[in-house]
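Single-letter residue listing:
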Amino acid sequence: LPCQAGVIMEQNFAQISLYVDNLYKTKGIGKLLVKYAVEQARQHTCLWYILAYISEQNVPVQWIVKSQGFTKVGVLPNATKNTLVPMLGYWVLGL
């Protein structure tokens, strides 16, 4: 799929993830996907917050989640085995 969003729910939080193919970037689709994922998570009154792990190199997505109210609360160094993604930012949105 060229674009997709997902919400994984745990006990008191949801983790969102999204993917936008290069052909569809800079068209506002990422922002729409984040908005949709947040709306879906807000429908569940048992959730307290939403988490998003974002590559420190992916500045456009950082701006998107920040514009939707997320706050960066930390960095996870060596969070993946992928050397192209050496560090992940840890972003949170309270519900």
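What this report covers is the structure whose coordinates are included nearby. (Residues numbered from 1 in each chain as written. Predicted model: local features only at pLDDT ≥ 70, side-chain atom pairs only at ≥ 80, totals over all residues. Heavy atoms only, no water.)

## Focus: unusual backbone geometry
Apart from glycine, the bulk of residues carry a negative phi angle, and the bulk of peptide bonds sit in the trans form. Phi is positive for Thr 26, close to 65 degrees, though the residue is something other than glycine. Looking at the secondary structure, you find Thr 26 in the loop between strand E2 (13–20) and helix H1 (29–42). Residue Thr 26 is classed as exposed on the basis of its relative accessible area of 83%. (Helix = DSSP H or I, 4+ residues; strand = E, 2+ residues; numbered from the N terminus. Buried < 20%, exposed > 50% of the residue type's maximum accessible area, 1.4 Å probe, protein only.)

## Topic: the nonpolar core
Counting residues in hydrophobic clusters, the biggest one holds 15 residues, and the most contacted among them are Ile 16, Ile 50 and Phe 70. Elements with a minimum of two residues in this core: E2, H1, strand E3 (49–55), helix H2 (59–67) and strand E5 (87–94). Tallying contributions element by element places H1 first for this core, with four residues. Those residues in contact with Phe 70, other than ones at most four positions away along the chain, are Ile 16, Val 34, Val 38, Ile 50, Ala 52, Val 65, Trp 91, Val 92 and Leu 93. (Core = buried A, V, L, I, M, F, W, Y, C linked by side-chain atoms within 4.5 Å. Contact = heavy atoms within 4.5 Å.)

## A look at the layout of surface pockets
Estimated volume of the largest pocket: approximately 710 Å³. Around the largest pocket, the lining comprises 27 residues; the ones closest to its centre are Leu 18, Val 20, Lys 25, Asn 58 and Val 61. Among the secondary structure elements, those contributing two or more residues to the lining of the largest pocket are E2, H1, E3 and H2. If you tally residues by element for the lining of the largest pocket, the top one is E2, at six residues. Residue composition of the lining of the largest pocket, by class: 16 nonpolar, eight polar and three charged. (1 Å grid on protein atoms, 1.4 Å probe; cavity = no way out; pocket = protein on both sides within 12 Å on 5 of 7 lines; lining within 4 Å. Points joined across faces, edges and corners; volume = space filled by probe spheres on them. Nonpolar A, V, L, I, M, F, W, Y, C, P; charged D, E, K, R; others polar.)

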